[in-house]
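# Per-entry structural report
Chain by chain, the residues:
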Amino acid sequence: MKLLTKQPTVILGTTLSVFLLLAGCADDVKTTGNVTTSPQAEGKKYTFRLADTHPDNYPTVLGDKKFAELVNQKSNGRIKIDVFPNSQLGEEKAVIEQVQLGAIEFTRVSSGPLAEFNKSLGVFSLPYIFDNAAHEWKFLESDKGKELLSSLESSKLKGLAYYDSGARNFYSKKPVKSVEDLKGMKLRVQQNKINIDLIDALGANASPMPYGEVFSSLQTGVIDGAENNYPSYDSSNHYQVAKNLVLDGHQRVPEVVMISKVTWDKLGDEDKKIIQEAATESVKTQREEWAKFEKNSEAKVKAAGATVTEVTDLKPWQDKVKPVIDKYRSEYKDVLDAIDQARK
Ligand code: GTR
């Protein structure tokens, strides 16, 4: 009896394996005339997905597309990466989880939400640690900066490159001229705990939420304000509902392009090399597009009637958030020292 019940399963299993084997090979083996090259010799064909929260013409998406194009070229069309902009594959936190599982292979996200998956990246949410873009990039390109990107591997993610994201500034529905004006406001931040401490230190109330919910929350008055760089303030239309921008530049939170560690570990050395090189090369395009877009966004929001307040004296802002630096200084000592070094 036992044999009888088992036999059909074995036959079905074998048939299925043969079928799957044939189906898998169909994509990989090419026949040219009489010559058939093996998958090993030619390399496998892949189609991957890359998720980005921003719209199609946004500098990070232009960087993603350059990356995909370079991968395609370098692999002679063998590796295809389809870029999904506009949060089509989900909001950043959910996407990162999917990438950890290998369900989505690539993403470009901000290191803000990444900090909840890998504490080391939280350092970028600490306030006023970089003086300007040159300082930030000197650090990102240093050994310590590269080490931080590599540390993602312990979180089932493989960091491939940093992309530019300028400086983040506060904006609100009510005018803000000084740090005192933020007191009591409900402000949306990226989802990580350092941001909550930051907003607490300012005497305001933090409201962490996904990026895609911020516009309607501002519009309906669920929150009084938020913070972001010029390109996001512009492309998300936040400037239409929170017209008062104060250029305090409290954070420079780099963007990160990454691949699932699950996917990475299945790739051959040649494909890993192609992907890494393409990501590194795409940074140039992303940064050029960033510089252009940032200027255009600034002009656009000003022309649309946003009130932009420059901060001439940062000291009161820095003093106010000093408790945040004090709280995290020992945890991030090595990296903060390296960031100080990069200033010189
Ligand atoms: C932008 C960043 C996005 C997203 C967003 C946010 O600057 O590029 O990836 O993290 O900020 O505030 O949620």
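Residues numbered from 1 in each chain as written. Predicted model: local features only at pLDDT ≥ 70, side-chain atom pairs only at ≥ 80, totals over all residues. Heavy atoms only, no water.

- For the chain, the name recorded in an unreviewed UniProt entry is Tripartite ATP-independent transporter DctP family solute receptor, with Paenibacillus aceris as its organism.

## Section: the side chain of Asp 197
- Mapped onto the secondary structure, Asp 197 falls in helix α8 (residues 193–201).
- Using a relative accessible area of 18% as the deciding quantity, one classes Asp 197 as buried.
- A polar contact of 3.0 Å, which involves the side chain of Asp 197, links it to the side chain of Lys 327.
- Leave out the neighbours within four places in its chain, and Asp 197 touches Val 324, Lys 327 and Tyr 328. (Helix = DSSP H or I, 4+ residues; strand = E, 2+ residues; numbered from the N terminus. Buried < 20%, exposed > 50% of the residue type's maximum accessible area, 1.4 Å probe, protein only. Polar contact = N/O pair within 3.5 Å; in protein donor to acceptor, adjacent residues only side chain to side chain. Contact = heavy atoms within 4.5 Å.)

## Things to note about the pattern of salt bridges
- Inspection of every chain in the model, using the stated rule, returns 31 salt bridges.
- Here Lys 261 and Asp 265 are joined by a salt bridge, their closest N and O atoms 3.0 Å apart. Of this pair, Lys 261 and Asp 265 both sit in helix α12 (residues 261–266), four residues apart, which is roughly one turn of that helix.
- Relative accessible area serves as the criterion here: at 46%, Asp 265 is assigned to the partly exposed category. (Salt bridge = Lys/Arg side-chain N within 4 Å of Asp/Glu carboxyl O.)

## Remarks on helix α4 (residues 92–101)
- Taken together, the buried positions of α4 are Glu 92, Val 95, Ile 96, Val 99 and Gln 100. Relative to the axis of α4, the buried residues are bounded by an arc of 145° and lie together on one face.
- Immediately downstream of α4, the backbone of Gly 102 shows phi near 85°, a positive value. (Arc of directions from axis to C-beta.)

## Describing unusual backbone geometry
- Here the phi dihedral of Ser 87 falls at roughly 55°; this positive angle occurs in a residue that is not glycine.
- With phi around 65°, Asn 237 is a residue other than glycine that occupies positive phi space.

## Points about the site of the ligand
- The environment of the ligand is formed by 13 residues, the closest being His 54, Glu 92, Arg 188, Asn 228 and Glu 255.
- At 3.2 Å from an oxygen atom of the ligand is found a side-chain nitrogen or oxygen belonging to Asn 229.
- Alone, the ligand offers 320 Å² of accessible surface; in the complex the protein occludes 98% of this.
- Split into classes, the residues belonging to the shell around the ligand amount to one nonpolar, seven polar and five charged.
- Looking at which domains feed residues into the shell around the ligand, each of domain 1 (32–165 + 254–294) and domain 2 (168–252 + 298–342) supplies at least three. (Near = heavy atom within 4 Å. Areas by Shrake-Rupley, 256 points an atom, 1.4 Å probe, with all protein chains shown as cover. Nonpolar A, V, L, I, M, F, W, Y, C, P; charged D, E, K, R; others polar. Domains from an automatic or database assignment.)

## Here's the deal with the nonpolar core
- Of all hydrophobic cores here, the largest spans 79 residues; its most connected members are Phe 67, Phe 106, Leu 114, Val 123, Phe 124, Leu 126 and Phe 139.
- When residues are assigned to domains, this core turns out to be shared by domain 1 (32–165 + 254–294) and domain 2 (168–252 + 298–342), each giving three or more.
- In this structure, Ile 223, Ala 226, Tyr 230 and Ala 306 belong to the second largest nonpolar core, which totals 15 residues. (Core = buried A, V, L, I, M, F, W, Y, C linked by side-chain atoms within 4.5 Å.)

## Remarks on the confidence of the model for the chain
- Per-residue confidence for the chain averages 90 on the pLDDT scale, and 88% of its residues sit at or above 70.
- Note on residues 1–41: pLDDT under 50 across the span, and 16 contacts to partners over four residues away in sequence or across chains. (pLDDT = per-residue confidence, 0-100.)

## Remarks on the side chain of Ser 110
- Examined against the element boundaries, Ser 110 turns out to sit in strand β5 (residues 106–110).
- Within polar-contact distance, the side chain of Ser 110 engages the backbone nitrogen of Gly 112 at 3.0 Å.
- Engagement of the side chain of Ser 110 in a polar contact is seen with the side chain of Gln 190, the distance being 2.8 Å.
- Excluding anything up to four places from it in sequence, Ser 110 contacts Glu 92, Gln 190, Val 253, Pro 254 and Glu 255.

## Considerations on the packing of helix α6 (residues 133–140) against helix α16 (residues 333–343)
- One can describe the packing of α6 onto α16 by two numbers: an axis separation of 9 Å at closest approach and a directional angle of 125°. In terms of axis orientation, α6 runs oblique to α16. Here the hand of the crossing between α6 and α16 comes out right-handed. Across the interface between the two elements, His 135, Lys 138 and Phe 139 from α6 touch Val 335, Ala 338, Ile 339, Ala 342 and Arg 343 from α16. (Axes fitted to C-alpha atoms, helices over the stretch in contact; angles between N-to-C directions. Parallel < 35°, antiparallel > 145°, perpendicular 65-115°, else oblique. Left-handed = near helix turned anticlockwise from the far one by under 90°.)

## Looking at the sheet that holds strand β6 (residues 157–163)
- With respect to topology, five strands assemble into an open sheet ordered β4-β3-β5-β12-β6, the strand pairing being mixed. In this open sheet, the two strands that pair with only one neighbour each are β4 (79–84) and β6. Here the strands of the sheet are splayed against their neighbours by 25° on average, with no regard to which way each runs.
- By the bridge criterion, three bridges tie strand β3 (residues 46–52) to β5 in an arrangement that is parallel. The partner of Leu 50 across the bridge, within β5, is Phe 106.
- Running over the sheet, helix α7 (residues 143–150) touches β6 and β12 (255–260) and is turned about 140° from β6. (Pairing = 2+ DSSP bridges.)

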